[in-house]
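A structural walkthrough
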Amino acid sequence: MDQAFQRLRKDVLIGTYAAGAKLKVEELQAAYGFSSSPLREALSRLSQEGLVRADERRGFRVAPLSPEDLQDITRMRLMLDVPALQEAITQGDDAWEAAIVAAFYRLDKVEARLPDGPVLLDEEWSGLHRDFHAALLAACPSQRQLAWSASLFDQAERYRRFSARFRKSARRKSNEHKKLMDATLRRDADTACALLTEHIRGTLRNVEAAFEMAAAG
């Protein structure tokens, strides 16, 4: 069941199924080769996560994208991620620091190899981006906080990819990430938390601009 959930979740996050698309169990069976039971379980779990909407009469659909939904995601990320980073800076040890450096190194190397264009549309970069943000918070002692943070980061991924499709100029993010890493490793919690707050709010601004461009045609 978990394999069906992970594969379907990934395809929803990267936009294989567009926002609002109907998810028919029979078609998913043909696409993934799973029986109906694990797929229905996966759809139920995705609906609990907010990635899929369930309707008794209409079945399952990919959750729509809206500025209001991302505003809610952003609000929750600021409530969870910023205090988590502050605690991680207080609690983190040498191994935590080393994991952050390694995660940034991998992310930076992949970004340097990519051609001009939105890095967010590259699947390898997106995975390493997720790993970097997870590494920053990993020393936070609350496992529930980290689990909710990871889920919200993934929910925002659909919006990051949506905005990247409207971006006309290449946007390299390694400088933002390096500043965030450096402040974290200095144990400068005030600067690190301010940078993370701006990083998260920047996603919201980019997506709101993309919605305006989409509305303008």
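Higher on the page you've got the structure.
Residues numbered from 1 in each chain as written. Predicted model: local features only at pLDDT ≥ 70, side-chain atom pairs only at ≥ 80, totals over all residues. Heavy atoms only, no water.

1. Quick notes on helix α6 (residues 123–137)
Each α-helix winds once per 3.6 residues, and so residues spaced three or four apart point in a common direction. For α6, with 15 residues, the first-to-last C-alpha span of 22 Å sits near the 21 Å given by 1.5 Å per residue. Within α6, burial applies to Trp125, Ser126, Leu128, His129, Phe132, His133, Ala135, Leu136 and Leu137. Considering only its buried residues, α6 is in contact with α4 (67–91), α5 (94–113), α7 (143–164), α8 (174–185) and α9 (189–215). (Helix = DSSP H or I, 4+ residues; strand = E, 2+ residues; numbered from the N terminus. Expected span 1.5 Å × (residues − 1). Buried < 20%, exposed > 50% of the residue type's maximum accessible area, 1.4 Å probe, protein only. Contact = heavy atoms within 4.5 Å.)

2. Some points on the pattern of salt bridges
Scanning the entire structure with this criterion turns up 12 salt bridges. Here Asp154 and Arg9 are joined by a salt bridge, their closest N and O atoms 2.8 Å apart. Highlighted residues: Asp154 in helix α7 and Arg9 in helix α1 (residues 2–13), separated in sequence by 145 residues. Since its relative accessible area comes to 11%, Arg9 is described here as buried. Where Asp81 meets Arg77, a salt bridge forms, and the shortest distance between an N and an O atom there is 3.7 Å. (Salt bridge = Lys/Arg side-chain N within 4 Å of Asp/Glu carboxyl O.)

3. Description of the layout of surface pockets
Computed from the structure, the largest pocket encloses a volume of approximately 360 Å³. Secondary structure elements with two or more residues in the lining of the largest pocket: α1, α6 and α7. Ranked by the residues each element gives to the lining of the largest pocket, the list is headed by α7, at eight residues. A class-by-class count of the residues in the lining of the largest pocket yields six nonpolar, four polar and eight charged. (1 Å grid on protein atoms, 1.4 Å probe; cavity = no way out; pocket = protein on both sides within 12 Å on 5 of 7 lines; lining within 4 Å. Points joined across faces, edges and corners; volume = space filled by probe spheres on them. Nonpolar A, V, L, I, M, F, W, Y, C, P; charged D, E, K, R; others polar.)

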